[in-house]
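Each chain, written out:
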There are 2 protein chains.
Amino acid sequence: SKSKGQRVPPPVVHYHLNNLTTSVNPVENRETVLILSPLARFYPGYWENLLKLSYPHDLISLGFIIPKTREGNAATSALQAAVAKTQSGPESKRFASVTIIRQDFEPPISSQNEAERHKLENQKDRRAAMARARNSLLFTTLGPTTAWVLWLDADIIETPPTLLQDLASHDKPIIVPNCYQRYINLDTKKADIRPYDYNSWQDSAIAQQLGQKMGNDEILVEGYADIATYRTLMAHIADGSAGRDQAMVIPLDGVGGTALLVKAEVHRDGAMFPPFPFYHLIETEGFAKMAKRLGWSAWGLPNYFVYHYNE
Amino acid sequence: SKSKGQRVPPPVVHYHLNNLTTSVNPVENRETVLILSPLARFYPGYWENLLKLSYPHDLISLGFIIPKTREGNAATSALQAAVAKTQSGPESKRFASVTIIRQDFEPPISSQNEAERHKLENQKDRRAAMARARNSLLFTTLGPTTAWVLWLDADIIETPPTLLQDLASHDKPIIVPNCYQRYINLDTKKADIRPYDYNSWQDSAIAQQLGQKMGNDEILVEGYADIATYRTLMAHIADGSAGRDQAMVIPLDGVGGTALLVKAEVHRDGAMFPPFPFYHLIETEGFAKMAKRLGWSAWGLPNYFVYHYNE
Ligand SMILES: Nc1nc2c(ncn2[C@@H]2O[C@H](COP(=O)(O)OP(=O)(O)O)[C@@H](O)[C@H]2O)c(=O)[nH]1
Ligand SMILES: Nc1nc2c(ncn2[C@@H]2O[C@H](COP(=O)(O)OP(=O)(O)O)[C@@H](O)[C@H]2O)c(=O)[nH]1
Ligand SMILES: [Mn+2]
Ligand SMILES: [Mn+2]
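Residues numbered from 1 in each chain as written. Chains lettered and ligands numbered in written order. Predicted model: local features only at pLDDT ≥ 70, side-chain atom pairs only at ≥ 80, totals over all residues. Heavy atoms only, no water.

**A word on the overall build of chain A**
In plain terms, the rule: Numbering of helices and strands runs from the N terminus, with a helix taken as a DSSP run of H or I at least four residues long and a strand as a DSSP run of E at least two residues long. Buried means the residue's accessible area, taken with a 1.4 Å probe over protein chains only, is under 20% of the maximum for its type, while exposed means over 50%, and partly exposed covers the values in between. We call two residues in contact whenever any of their non-hydrogen atoms come within 4.5 Å of each other. Methods summary: accessible areas were calculated by the Shrake-Rupley approach with a probe of 1.4 Å, and residue burial reflects only the protein chains presented.
Looking only at helices and strands, chain A has 8 helices and 13 strands in total. Its C-alpha atoms give chain A principal-axis dimensions of about 70 × 45 × 40 Å. A buried classification covers 54% of the 311 residues belonging to chain A. Here the analysis covers contacts within chain A between residues at least 6 apart in sequence; of these, 80% occur between residues at least 24 apart. Accessible surface, chain A as shown: approximately 12,700 Å² in total, 52% of it carbon and sulfur.

See the structure below:
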């Protein structure tokens, strides 16, 4: 019976949020990390990269949210197979826990090819749906012992193995690396890199003025030539040279979510991903703005790269 | 060793949010409820009332956030003693789990007497701090299996034992009873009741116009004679007669948080308690507005009473 000690979870758990540190030495201080990935497709490269992270895996919990679609079912099976293999393999590679959430609403666009996804008119609905997915995942998995949250899209297939330590070492509430993509340059016929994510930027007076003229429900999306915002895009100020300063850090007003490290207390304070226009911003860009309203700051590493899958 | 099956929690936990129901028959459907209480003082009447709730206790988890102050330490000890007694008492009274979170920031006003708390100039800071406390509690305790969240202030000392079933039976995303207070009427020298919480209201054209004229960072607080909003306050439209229709339900634009039932999916979607002015609203009133921006609606039960402690 329950009174014979089989009742789970324990009757009282007492947590001191003020004893939770988020420091420049997270490994030494045994700080727990929650890696959250919205996932529509499973890329083996994503999982292999995750396994290579040198942050102690027993301090890492994983959370996924996967749409309730046929493609989502396939992704779930593939993810579960990968999880099962890892969690029964060498102990040092196993993660502390893995939570898979199936989404309870329909994604607004069924086609998932890159061109269709990026059409301007599709952006608002698509990003609102992504924001809701991120919120569901966040509200459901963040626990009292989580110190850091790493948002990592499921199509980020290459990061430095020291990603977590490197990002944490800057001791910022919110910090984002530069998300690039490998490709074959048709001019040089050589392997090259190009910017992928345009959501990390510094605001401009022009964008602010555009915002003031817009209706309350309109959004200002970055990365479309037909709306010149003159924001400073982190994607464009990267130094690609071998000797570049990877630790160079700049303040940001908008952030992308392909890879994004957030101190858990920023989220606990209430910072989420607005699915509605918030100061004309939505999803991860709106998140940065909301965090600012809560008194936190966002930062970027223009010369520190992570790589997005190339379809 | 860990490989001998002692690793907790389990390697993969898979949740289907779409299988989580929030229905008019929550008991029958075994729907789990998370009762969340920000708590600065421990009132025995609050705990006794909680124990009387007829909703199956094994479906109820409790979460508390308590400030890191001397008064908070005393409240924590008193709460822990009450929890220990209940969780080792009759099984039918025990709750599924209890989580106590200690707040990691300072409350802005140390004095907690009612007059001081309610001074208009103190309201913005105080309610911003309350909003942050509610968010910390919510983000930290909401789990993948939570169907409903009941916000219940720690000084609500009397509710019908069927509170959860009654509120859920209306099948609304957000629903709030009328928060009153018992007192001795000095005119009649008899026990009487009077309104306590003025945060549940229907908007007015005048309040909307006031909002439009205000600066972005100003808030419009309810319940102060010097700002006439002409909102319809639920506190004032109650029928106190014995034969009243307790099931009468009205749409609301702002809600109070002394007792407040929310479908967990509303929170998961991103609805939190804005500590910053959101459409000139803050905390629970801002929450109702944010939920609306997310497509949900808020409702009130003018003739269904819960009672606030009288200092
Ligand atoms: N849960 C969920 N994840 C999605 C959905 N659509 C895309 N994703 C995932 O969310 C992340 C970002 O989406 P993606 O389409 O790659 O965005 P883009 O690279 O910015 O065009 C990726 O990890 C996708 O696998 C969705 O509807 N639901
Ligand atoms: N965690 C936390 N709870 C608080 C704080 N201040 C008040 N509370 C609790 O939050 C609830 C609402 O606060 P209260 O002062 O009663 O508000 P009022 O009745 O609207 O004036 C009550 O349960 C309080 O015990 C605080 O600074 N931190
Ligand atoms: Mn992508
Ligand atoms: Mn109170």
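Moving on from the coordinates now.
**Overview of the side chain of B:Arg231**
Tracing the sequence through the fold places B:Arg231 in the loop between helix H6 (205-213) and strand E10 (232-233). When near neighbours in sequence (up to four residues on either side) are disregarded, B:Arg231 contacts B:Trp201, B:Gln202, B:Asp203, B:Ser204, B:Ala207, B:Leu220, B:Glu222, B:Leu281 and B:Glu285.

**Digging into the coordination of the manganese ion (ligand 3)**
All names here are of chain A. Applicable threshold: Metal donors: N, O and S atoms at distances within 2.8 Å, or within 3.2 Å for Na, K and Ca, with water omitted from the atom set so that some sites may seem incomplete.
For the manganese ion (ligand 3), the protein coordination sphere consists of Asp155 (OD) and His308 (NE2), at 2.1 to 2.2 Å. Residue Asp155 is found in the loop between strand E5 (146-152) and strand E6 (156-158), and its partner His308 is found in strand E13 (residues 298-308); the two are separated by 153 residues along the sequence. Assessed through its relative accessible area of 15%, Asp155 is described here as buried. Using a relative accessible area of 4% as the deciding quantity, one classes His308 as buried.

**Here's the deal with the site of ligand 1**
Residues and elements named next belong to chain A. Put simply, the rule is: Proximity is defined per residue: any heavy atom of the residue falling within 4 Å of a molecule or strand makes that residue near it. Any pair of nitrogen or oxygen atoms within 3.5 Å is treated as a polar contact; in protein, a donor-acceptor pairing is required on top of that, and neighbouring residues in sequence qualify only through side-chain atoms on both sides. For this classification, the nonpolar set comprises Ala, Val, Leu, Ile, Met, Phe, Trp, Tyr, Cys and Pro, the charged set comprises Asp, Glu, Lys and Arg, and every other residue, Gly included, is treated as polar.
Every one of the 19 residues lining ligand 1 counts as a neighbour, but Pro38, His118, Ala154, Asp155 and Tyr196 are closest to it. Pro38 is positioned such that a nitrogen or oxygen atom in its backbone is 2.7 Å from an oxygen atom of ligand 1. Contact between ligand 1 and Leu39: a nitrogen atom at 3.5 Å from a main-chain N or O atom of the residue. Burial of ligand 1 by the protein chains amounts to 91% of its free accessible area of 560 Å². Put simply, the parts of the chain that give the shell around ligand 1 at least two residues each are strand E3 (60-66), helix H3 (114-118) and helix H4 (120-141). Tallied by class, residues from the shell around ligand 1 come to 10 nonpolar, 4 polar and 5 charged.

**Describing empty space enclosed by the protein**
Quick reminder of the rule: Cavities and pockets were defined on a 1 Å grid built from protein atoms only: a cavity is a group of points that admits a 1.4 Å probe but offers it no way out, a pocket is an open group of points flanked by protein on both sides within 12 Å along at least five of seven lines, and a lining residue is one with an atom within 4 Å of any such point. Grid points are joined across faces, edges and corners, and a volume is the space filled by probe spheres set on the points.
Scanning the model with the defined rule gives 2 cavities of 30 Å³ or more in all. Lining of the largest cavity is provided by B:Val176, B:Pro177, B:Asn178, B:Cys179, B:Asp197, B:Ser200, B:Met234, B:Ala235, B:Thr258 and B:Ala259. When residues in the lining of the largest cavity are grouped by element, the largest group, 4 residues, is from strand E7 (residues 174-185) of chain B. Residues that form the lining of the largest cavity fall into these classes: 6 nonpolar, 3 polar and 1 charged. Estimates place the volume of the second largest cavity at around 30 Å³. Lining the second largest cavity are A:Val176, A:Pro177, A:Asn178, A:Cys179, A:Asp197, A:Ser200, A:Met234, A:Gly256 and A:Thr258.

**Remarks on the confidence of the model for chain A**
What counts is decided by this rule: pLDDT expresses how confident the predictor is about each individual residue, on a scale running from 0 to 100.
Across chain A, the average pLDDT comes to 90, with 93% of residues at 70 or higher. The model gives residues 1-9 of chain A a pLDDT under 50, and that stretch makes 16 contacts with residues more than four places away or in other chains.

**Quick notes on the packing of aromatic side chains**
What characterises a pair of aromatic rings is the spacing of the ring centres plus the angle enclosed by the ring planes. So the rule is basically this: Stacked, tilted and edge-to-face pairs are distinguished by plane angle, under 30 degrees for stacked and over 60 for edge-to-face with tilted covering the rest, among Phe, Tyr and Trp rings (Trp via its six-membered ring) whose centres lie within 6.5 Å. Whether a charge sits over a ring comes down to the Lys NZ or Arg CZ being within 6 Å of the ring centre and within 35 degrees of the ring normal.
Overall, the coordinates contain 22 aromatic pairs over all chains when judged by the stated rule. Ring centres of B:Trp47 and B:Phe64 lie 6.5 Å apart, and the angle between their planes is 35°; on these two criteria the pair is classed as tilted. Of this pair, B:Trp47 sits in helix H1 (residues 44-51) while B:Phe64 is found in strand E3 (residues 60-66), placing the two residues 17 residues apart along the sequence. When its relative accessible area of 5% is taken as the criterion, B:Trp47 is described as buried. Through a chain of ring-to-ring contacts, the aromatic side chains of A:Phe276, A:Phe278, A:Tyr279, B:Phe276, B:Phe278 and B:Tyr279 assemble into a single cluster. One cation-aromatic arrangement involves B:Arg182 over B:Tyr307; the distance from NZ or CZ to the ring centre is 4.0 Å.

**Quick word on the relation of the copies chain B and chain A**
Cut-off, in case you're wondering: Copies overlap after least-squares fitting; the atoms used are the C-alpha atoms of residues with pLDDT of at least 70 in both.
Screw-axis analysis of chain B against chain A gives a translation of 0.0 Å along the axis, an RMSD of 0.0 Å, and a rotation angle of 180°. The relationship between the two copies is best expressed as a two-fold rotation axis. Minimal C-alpha distance to the rotation axis in chain B is attained by B:Phe139, lying at 2.6 Å. The residues that chain B uses at the interface reappear at the interface of chain A in 100% of cases, marking a shared surface.

**A word on the interface of chain B and chain A**
Note the following rule: When two parts are brought into contact, each loses some accessible area as probed by a 1.4 Å sphere; the total of that loss over both is the buried area. Should a side-chain nitrogen of Lys or Arg be within 4 Å of a carboxyl oxygen of Asp or Glu, the pair is scored as a salt bridge.
The interface of chain B with chain A comprises 57 residues on the first partner and 57 residues on the second. Of the roughly 5,100 Å² buried between chain B and chain A, counting both surfaces, carbon and sulfur atoms make up 53%. If you look at where chain B meets chain A, you find 4 salt bridges. Between the two partners, chain B and chain A, sit 12 residue pairs in polar contact (both at pLDDT 80 or more).

**As for the site of ligand 2**
All names here are of chain B. Around ligand 2 there are 19 residues in total, and Pro38, His118, Ala154, Asp155 and Tyr196 lie nearest to it. The contact in question runs from an oxygen atom of ligand 2 to an N or O atom on the backbone of Ala40, over 2.8 Å. For ligand 2, whose unbound accessible area comes to 560 Å², protein coverage reaches 91%. Going through the elements one at a time, E3, helix H3 (114-118) and helix H4 (120-141) are the ones with two or more residues in the shell around ligand 2. For the shell around ligand 2, a count of residues per class yields 10 nonpolar, 4 polar and 5 charged.

**Some words on the side chain of B:Thr146**
Residues and elements named next belong to chain B. With respect to the secondary-structure elements, Thr146 resides in strand E5 (residues 146-152). Taking the relative accessible area as the measure of exposure, Thr146 reaches 7% and is therefore buried. In terms of polar contacts, Thr146 uses its side chain to reach the backbone amide nitrogen of Gly143, at 3.1 Å. For Thr146, the residues in contact, after removing those within four places along its chain, are Leu20, Thr32, Leu34, Ala264 and Arg268.

**Some words on the pairing of strand E12 (residues 259-263) of chain A**
All names here are of chain A. To keep things clear, this is the line we draw: Strands qualify as paired when DSSP identifies two bridges or more between them.
By the criterion of burial, E12 is predominantly enclosed, with 5 of the 5 residues buried. The two faces of E12 match: Ala259, Leu261 and Lys263 on one face and Leu260 and Val262 on the other face are all buried. Bridge count for E5 against E12 is 5 bridges, and the pairing is antiparallel. Residue Leu150 lies in a different strand from E12, and its bridge partner there is Leu261. Sheet topology places strand E7 (residues 174-185) next to E12; 2 bridges connect them, and they run antiparallel. From the neighbouring strand, Ile175 faces E12, where its bridge partner is Leu261.

**Considering the pairing of E7(B)**
Residues and elements named next belong to chain B. Counted residue by residue, E7 has 10 buried out of 12 residues, so it is predominantly covered. As judged from the 8 bridges shared by E7 and strand E13 (residues 298-308), these two strands associate in the parallel manner. From the neighbouring strand, Ile174 faces E13, where its bridge partner is Ala298. When E7 meets strand E8 (residues 190-195), the two strands line up antiparallel, connected through 6 bridges. Across the sheet, residue Tyr183 finds its bridge partner in E8, namely Asp192. Adjacent in sequence and paired antiparallel, E7 and E8 are bridged by 4 residues, among which Lys189 carries a positive phi angle near 60°.

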